[in-house]
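# Summary of the model geometry
Residue strings, one per chain:
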Amino acid sequence: MKILSRTVGPFQANCYLVIDDATGSAVLIDPGADGAELVEMVRASGATLEEIWLTHGHIDHIGGVAEVRRHYPVPVRLHPLDRPFFDTLSARMAEVYGLPFDQPDPPDDELAEGEVLACGNLRFTVMHVPRHAPGLVSFNGEDVALCGDLLFAGSIGRTDLPLSDPQAMHESLARIATLAEETTVYPGHGGITTIGEELKSNPFLSGRARVVSR
Ligand SMILES: [Zn+2]
Ligand SMILES: [Zn+2]
């Protein structure tokens, strides 16, 4: 397995291209902006893009979907609870920030807790981990977790956004903390880390700090 990444857009979100070396199949996770650059990453990899998987529907994770799909018309998967962001709220947020926004077509498939997704011979299990966003999911498998804005190196996703909830976020962090310590975490922003490293150094994961309302 190979995981390529690009950090894109004004919110500096991470987009990941997961490639199964054995079959050449690939999935693109969170094409958040700069779609042309992401198309070039896929092209240069030589892999065959099969699907686009979204950790959640926030503007900084979906802004490149439309452009990528103009070049690669592959299915897009999103948890249904994040459709409000995907369908309307992200476009409205773009207006508020004065940013251009390329509204993508509706997702083709829904993601569900416990569902097993394939990328070639690779397997990832969907873990529903609200509530940075209500439909936030982590793609777990092959000793990695691609967890969007749940967990960052040394920090966690915001819980002061519309439809966020600190208590549910706390429960989701407790769930991701049950993954094997050697699991490599590919977060939605910032550098990669491991569950073990975050259990040691991240007060929100070790239970030393609690998520509270701001
Ligand atoms: Zn987010
Ligand atoms: Zn984000």
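Note that the coordinates shown come from a computational prediction; the quantities given were computed from them, not determined experimentally. (Residues numbered from 1 in each chain as written. Chains lettered and ligands numbered in written order. Predicted model: local features only at pLDDT ≥ 70, side-chain atom pairs only at ≥ 80, totals over all residues. Heavy atoms only, no water.)

## What to know about the pattern of salt bridges
The cut-off we apply is this: Salt bridge, as used here, is a side-chain nitrogen of Lys or Arg placed within 4 Å of a carboxyl oxygen of Asp or Glu. In this description a helix means any DSSP run of H or I spanning at least four residues, a strand means any run of E spanning at least two, and both kinds are numbered starting from the N terminus.
For the coordinates displayed, the defined rule picks out 12 salt bridges. For arginine 70, the salt bridge goes to aspartate 102, with nearest N and O atoms at 2.5 Å. Placement of the pair is arginine 70 in helix α3 (residues 65-71) and aspartate 102 in the loop between α4 (83-97) and β6 (109-110), with a sequence separation of 32 residues. Shared partners join several salt bridges into a network, and the residues in it are Glu51, Arg77 and Glu115.

## With respect to helix α1 (residues 35-45)
Worth spelling out the cut-off: Burial classes: relative accessible area under 20% of the type maximum marks a residue as buried, over 50% as exposed, and values in between as partly exposed (1.4 Å probe, protein chains only). What the arc covers is the set of directions going from the helix axis to the C-beta atoms. Pairs of residues are marked as contacts when any of their non-hydrogen atoms sit within 4.5 Å.
Buried residues of α1: Gly35, Leu38, Val39, Met41 and Val42, and no others. The arc that holds every buried residue of α1, seen down its axis, measures 155°, which confines them to one face. The exposed set on the far side of α1, more than 90 degrees from its buried face, consists of Ala36, Arg43 and Ala44. On its buried face, α1 sits against β1 (2-8), β2 (13-19), β3 (25-29), β4 (48-53) and α3. Immediately beyond the C-terminal end of α1, within one or two residues, lies glycine 46, with a positive phi of roughly 80°.

## A word on the environment of alanine 133
Note on placement: alanine 133 falls in the loop between β8 (122-128) and β9 (137-141). When its relative accessible area of 0% is taken as the criterion, alanine 133 is described as buried. Beyond its immediate stretch of four places on either side in the chain, alanine 133 contacts His56, His58, Asp82 and Phe85.

## Remarks on the pairing of β8
Cut-off, in case you're wondering: Between any two strands, pairing holds if DSSP finds at least two bridges.
Taking burial as the measure, the seven residues of β8 include five buried ones, the bulk of the element. The antiparallel pairing of strand β7 (residues 116-119) with β8 creates a hairpin that spans two residues between the two strands, and glycine 120 there sits at a positive phi of about 60°. As paired elements, β8 and β9 share four bridges and run antiparallel to each other. By the bridge assignment for β9, histidine 128 is matched with valine 137.

## Section: unusual backbone geometry
Even without being glycine, aspartate 30 reaches a positive phi, approximately 60°. When you line up the elements, aspartate 30 lands in the loop between β3 and α1. Even without a glycine there, the phi angle at aspartate 143 is positive, about 65°. With respect to the secondary-structure elements, aspartate 143 resides in the loop between β9 and β10 (144-148). Its relative accessible area of 60% is what places aspartate 143 among the exposed residues.

## Observations regarding the coordination of the zinc ion (ligand 1)
Rule in force here: Donor criterion used throughout: N, O or S atom within 2.8 Å of the metal, extended to 3.2 Å for Na, K and Ca. Water excluded; incomplete-looking sites may result. Labels for metal geometry use angle windows, namely 85 to 135 degrees for all angles of a four-donor tetrahedral site, and for square planar (four donors) or octahedral (six donors) sites opposite donors over 155 degrees apart plus all others within 65 to 115; sites meeting none of these are irregular.
Protein coordination at the zinc ion (ligand 1): the donors are His56 (NE2), His58 (ND1), His132 (NE2) and Asp149 (OD), at 2.1 to 2.5 Å from the metal. The site at the zinc ion (ligand 1) holds four donor atoms, and with the angles between them running 88 to 171°, its shape is irregular. For the pair the zinc ion (ligand 1) and the zinc ion (ligand 2), the metal-to-metal distance amounts to 3.5 Å, and aspartate 149 bridges them. On the criterion of sequence distance, the pair formed by histidine 58 in the loop between β4 and α2 (59-62) and aspartate 149 in the loop between β10 and β11 (151-152) is long-range, its members being 91 residues apart. For histidine 58, a relative accessible area of 6% puts it in the buried group. With relative accessibility at 3%, the residue aspartate 149 sits in the buried group.

## Thoughts on the coordination of the zinc ion (ligand 2)
Distances from the zinc ion (ligand 2) to its protein donors, Asp60 (OD), His61 (NE2), Asp149 (OD) and His189 (NE2), fall within 2.1 to 2.2 Å. Angles of 87 to 155° at the metal separate the four donor atoms of the zinc ion (ligand 2), which places the site in the irregular class. If you list the donors of the zinc ion (ligand 2) from N- to C-terminus, the spacing comes out as D-H-x87-D-x39-H. Given the relative accessible area of 11%, aspartate 60 is considered buried.

## A few points about a negative patch on the surface
Note the threshold: Patch membership requires over 30% relative accessible area and the absence of a salt bridge. Like charges are linked within 9 Å, and nonpolar side chains (Val, Leu, Ile, Met, Phe, Trp, Tyr) within 5 Å. Per-residue accessibility takes into account occlusion by the displayed protein chains alone, with areas from the Shrake-Rupley method and a 1.4 Å probe. All tallies of charge rest on Lys and Arg as positive and Asp and Glu as negative; His and the ends of each chain are not included. Charge positions are represented by NZ for Lys, CZ for Arg, CG for Asp and CD for Glu.
Together, Glu142, Asp143, Glu181 and Glu182 make up a region of like negative charge exposed at the surface. On the secondary structure map, glutamate 142 appears in the loop between β9 and β10. With a relative accessible area of 34%, glutamate 142 lands in the partly exposed category.

## Structural notes on the side chain of asparagine 14
Counted only if it meets this: Under this definition, polar contacts are N or O atom pairs within 3.5 Å; protein pairs additionally need one hydrogen-donor-capable and one acceptor-capable atom, and for neighbouring residues in sequence, both atoms have to be side-chain atoms.
Relative to the helices and strands, asparagine 14 resides in strand β2. Of the residues examined, asparagine 14 reaches a relative accessible area of 5% and is grouped as buried. Of the polar contacts made by the side chain of asparagine 14, one reaches the backbone oxygen of proline 187; its length is 3.0 Å. At a separation of 2.8 Å, a polar atom in the side chain of asparagine 14 contacts the main-chain carbonyl oxygen of glycine 190. The residues contacting asparagine 14, other than those within four sequence positions of it, are Arg6, Thr7, Ile29, Asp30, Pro187, Gly188, His189 and Gly190.

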